[in-house]
Amino acid sequence: MRWPKRIGTKLGLVFAGLFALTMLLIAAALHMVVTERATVTVADEMTASGAVFSRLFLDKAADKQADAQLLAKDFGFRAAATSADPPTIASALENLAIRLGTTSLALIDTDGMVLGAVGKRLPLDKLTAHLDLSDDAALVDNKTGVLFAQDTPYLAGVAEVRAPNLVSWIVFGDEITSQKIAELNALSALNFNARLQLVDRNSLPPSTARQVGQDIVFARLAPSLLDTQRSQLVLTYPIADALRPYRSLAGVLLIVMLGCGAGVAGISWVVARRLAQPISDLSIAATALRDGQSAQVVVRSQDELGDLARAFNDMSGEIARREEDLRTQALTDRETGLPNRRAFEHALE
Amino acid sequence: MRLWISILSLLALGCTAATAADLSLHVVNQKGVGMADAVVTFQPASDAAQSNSAAAPLIVNQTNNTFTPYMTVVPRGSQVQFRNDDSVLHHVFSFSAAKRFSLKLFGQSEPQTLQFDTAGIVVVGCNIHDDMIAYLNIVDTPYAAQTGPDGRVTLTGLPETPGELRVWHPLMKGRGNTYSQSIDPAAVASVVRIERKFRRGARPVGDY
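Basis of the calculations
- Residues numbered from 1 in each chain as written.
- Chains lettered and ligands numbered in written order.
- Predicted model: local features only at pLDDT ≥ 70, side-chain atom pairs only at ≥ 80, totals over all residues.
- Heavy atoms only, no water.
- Pairing = 2+ DSSP bridges.
- Helix = DSSP H or I, 4+ residues; strand = E, 2+ residues; numbered from the N terminus.
- Contact = heavy atoms within 4.5 Å.
- Buried area = accessible area lost by both parts, 1.4 Å probe.
- Salt bridge = Lys/Arg side-chain N within 4 Å of Asp/Glu carboxyl O.
- Nonpolar A, V, L, I, M, F, W, Y, C, P; charged D, E, K, R; others polar.
- Core = buried A, V, L, I, M, F, W, Y, C linked by side-chain atoms within 4.5 Å.
- Buried < 20%, exposed > 50% of the residue type's maximum accessible area, 1.4 Å probe, protein only.
- Axes fitted to C-alpha atoms, helices over the stretch in contact; angles between N-to-C directions.
- Phe/Tyr/Trp six-rings, centres within 6.5 Å; stacked < 30°, edge-to-face > 60°.
- Parallel < 35°, antiparallel > 145°, perpendicular 65-115°, else oblique.
- Patch = residues over 30% accessible without salt bridge, like charges linked within 9 Å, V, L, I, M, F, W, Y side chains within 5 Å.
- Areas by Shrake-Rupley, 256 points an atom, 1.4 Å probe, with all protein chains shown as cover.

1. Thoughts on the pairing of strand β2 (residues 114-118) of chain A
Residue and element names in this part refer to chain A.
Argument step 1. Direction of pairing for strand β1 (residues 104-109) relative to β2: antiparallel, over a ladder of four bridges. Note on β2: the bridge partner recorded for Leu-105 is Val-118.
Argument step 2. Between the end of β1 and the start of β2, which pair antiparallel, lie four residues, with Gly-112 showing a positive phi angle near 85 degrees.

2. A few points about the interface of chain B and chain A
By convention, interface size is frequently given as the accessible area that disappears when the constituent parts associate.
Argument step 1. Opposite the 18 residues of chain B that make contact, chain A presents 14 residues.
Argument step 2. Here chain B packs against chain A, burying approximately 1,500 Å² in sum over the two surfaces, 54% of which is carbon and sulfur.
Argument step 3. Counting every contact that joins chain B to chain A gives two salt bridges.
Argument step 4. In this structure, Asp-130 of chain B and Lys-73 of chain A form a salt bridge, with 3.6 Å as the shortest nitrogen-oxygen distance.
Argument step 5. Among the elements of the structure, β7 (90-96), β8 (99-106), β10 (120-126) and β11 (129-139) of chain B are those that each provide at least two residues to the side of chain B that touches chain A.
Argument step 6. Here the side of chain B that touches chain A takes four residues from β11 of chain B, the largest share from any one element.
Argument step 7. For the side of chain B that touches chain A, the residue count by class is seven nonpolar, five polar and six charged.

3. What to know about the environment of Asp-281 of chain A
Residues and elements named next belong to chain A.
Argument step 1. Along the chain, Asp-281 turns up in helix α7 (residues 247-290).
Argument step 2. Between the alpha carbons of Asp-281 and Leu-331 there is a distance of 35 Å; along the sequence they are 50 residues apart.
Argument step 3. With sequence-adjacent residues up to four places away left out, Asp-281 is seen in contact with Val-297 and Arg-300.

4. Focus on the nonpolar core
Residue and element names in this part refer to chain A.
Argument step 1. By size, the foremost hydrophobic cluster in this structure holds 27 residues, and its most contacted members are Val-42, Met-46, Ile-176, Leu-196, Ile-216 and Leu-235.
Argument step 2. Only α1 (7-72), β3 (144-149), α5 (178-185), β6 (193-199), β8 (215-222), β9 (230-238) and α6 (239-243) provide two or more residues apiece to this core.
Argument step 3. No other element matches the eight residues that α1 contributes to this core.
Argument step 4. Apart from the residues within four sequence positions on either side, Val-42 is in contact with Leu-190, Phe-192, Ile-216, Tyr-237 and Ala-242.

5. What about the pattern of salt bridges?
Residues and elements named next belong to chain A.
Argument step 1. The full count for this structure, using the stated rule, is 18 salt bridges over all chains.
Argument step 2. In this structure, Asp-174 and Lys-64 form a salt bridge, with 2.7 Å as the shortest nitrogen-oxygen distance. In this pair, Asp-174 is assigned in strand β5 (residues 166-175) and Lys-64 in helix α1, connecting sequence segments 110 residues apart.
Argument step 3. On the basis of relative accessible area, Asp-174 is assigned to the buried category, the value being 10%.
Argument step 4. The buried category is assigned to Lys-64, whose relative accessible area is 18%.
Argument step 5. Among the charged side chains, a network of salt bridges with common partners joins Glu-318, Arg-321 and Asp-325.

6. Regarding the sheet that holds strand β4 (residues 66-68) of chain B
Residues and elements named next belong to chain B.
Argument step 1. Read across the sheet, four strands follow the order β4-β3-β6-β9 without closing on themselves; strand pairing throughout is mixed. At either margin of the open sheet sits one strand with a lone partner, and together these are β4 and β9 (112-115). Strand after strand, the sheet turns through a mean of 20 degrees between neighbouring axes, direction not considered.
Argument step 2. Across three bridges, the pairing between strand β3 (residues 58-63) and β4 is antiparallel. Pairing of Thr-63 across the sheet is with Thr-66, part of β4.

7. Section: the packing of aromatic side chains
Argument step 1. Applying the stated criterion to the full structure yields nine aromatic pairs over all chains.
Argument step 2. Ring plane angle 90 degrees and centroid distance 5.1 Å describe the contact between Phe-75 of chain A and Phe-93 of chain B, whose orientation is recorded as edge-to-face. With Phe-75 of chain A in helix α2 (residues 75-81) and Phe-93 of chain B in strand β7, the pair connects residues from two separate chains.
Argument step 3. Of the residues examined, Phe-93 of chain B reaches a relative accessible area of 0% and is grouped as buried.
Argument step 4. When the centroid spacing of 5.7 Å and the interplanar angle of 80 degrees are considered together, the rings of Phe-192 of chain A and Tyr-237 of chain A count as edge-to-face. Here the residue Phe-192 of chain A occupies a position in the loop between α5 and β6, and Tyr-237 of chain A occupies one in strand β9, the gap between them amounting to 45 residues.
Argument step 5. Residue classification places Phe-192 of chain A among the buried positions, given a relative accessible area of 4%.
Argument step 6. Aromatic ring contacts, followed pair by pair, group Phe-75 of chain A together with Phe-93 and Phe-95 of chain B into a single cluster.

8. A few points about the environment of Gln-329 of chain A
Argument step 1. For Gln-329 of chain A, the position within the fold is in helix α8 (residues 304-331).
Argument step 2. Along the sequence, Gln-329 of chain A and Ile-216 of chain A sit 113 residues apart, while their C-alpha atoms lie 95 Å from each other.

9. Here we look at the packing of α7 of chain A against α8 of chain A
Residue and element names in this part refer to chain A.
Argument step 1. Remark: α7 packs on α8, axes separated minimally by 10 Å, with the N-to-C direction vectors making an angle of 10 degrees. Our classification of the angle between α7 and α8 gives roughly parallel. Within the contact between the two elements, α7 uses Leu-275, Pro-278, Ile-279, Leu-282, Ala-285, Ala-286 and Leu-289 and α8 uses Leu-305, Leu-308, Ala-309, Phe-312, Met-315, Ser-316 and Ile-319.
Argument step 2. For the contact of α7 with α8, a count of residues per class yields 13 nonpolar, one polar and no charged.

10. Quick look at a nonpolar patch on the surface
All names here are of chain A.
Argument step 1. A cluster of nonpolar side chains, Val-14, Phe-15, Leu-18, Leu-21 and Leu-25, forms an exposed patch at the surface whose accessible area comes to about 490 Å².
Argument step 2. Checked against the element boundaries, Leu-25 lands in helix α1.
Argument step 3. Judged by relative accessible area, which is 59%, Leu-25 ranks as exposed.

Following this line, the structure appears as structure tokens:
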């Protein structure tokens, strides 16, 4: 594109460009602030939801553990559990699973022997180590928590069977399906993607929410049944979704900016034209003066341009007067004041 | 009448001239604290001595919702009578392999007597009082005794032949809550110190 010749257009373009640049900078700053703000809002919500989820998990597990503990005191169950008859034990466990409303159940004696197991298989070998079965029930730190069997998380717990000494442990586990997590998720204001995952035991404890790729990610340690397992609740939320509430604001801002941009361009064009017009007039008048015509410009203002126009008019008038003088002197006999021979010749031509 | 139970004897410590047939033991935990209610038995290797069942039933009382005594050594074939001294009823039971029984809700005027013909541990509870617990150790040897409050005990009148010494305590760590070692009572001059790991856990109060 060729750089325009007219000063008005030039000034208009320069002003519009400057304005656009300023607006871009403001927009960038606003975007940063808004993104920051949205991230913080989502992070706060995640922290709160994470705490609520953990609390609900714990409460649910604690309730079930209390139920299991109570059912473990049932005389009939204890009689069956100590019967040393595997079919009877399995049958009693199935009944207990129905009473407790749990998917997986197992009975482990204080020598670490699995007396019976129903439902999906729990990692009983790991549990045996956790229970430190030669030890007292009071020494088992966690009686509830998340338990991973391979990659499947269970909400699990243990309850002691006393007859009346500690003879065995009931281990229960409920698979934490994605549907259950989704139900929990429905309680939070934002629709997070939530999941439980097994993490390296030596990994650093998760901190606050942070940006990972196109998502905001928050991780929180989940209460684990086993000390040997470390599980965490991970919440993710797309940044794009976080910014959605601000999208209308961005639209309004864009319209305002375009309007202002057009206004600035127009006003600067008008201003530039008003500035350039007297100069343009002077240029035309000067050309006319060069060609020997009398030239006067209209004085439009009292400012420097007005002074210049006035000075031009004076100069133009003065030049015309002197030219007239010279002409008169050249064609007049100085002694008599009559036209001389040159005037006569001029007239003949 | 539990004459076969050795009376706790601190004298045994200073008794350098103890007969070879006496065996003094001190059962302590990992911190060196004497453990009460450990049952020690000696079974001679050569002599398959049988226990003499007690002439009269041994008594386990239920008083203030507590079994008294907490620990009873029962010669195999003896009878044990459960007496309820409380105004409330008790449902005394055991799920132990050596003797499973259930004495449903009986009161003061209805003492229940059972015979114990199988050696082993019988843990006794009450179905309506979860905290009540008592142990019967049914032994198959005449050489059995339980430690006193300081963890000391003396087995008397042992044959001067090698045999197996067993120590059992409900809180002792290890399979079957039991520790055993070969010993020749004739060759032991001083107190045998038996230090084992015990898990935490207090006896219910009010047993003594």
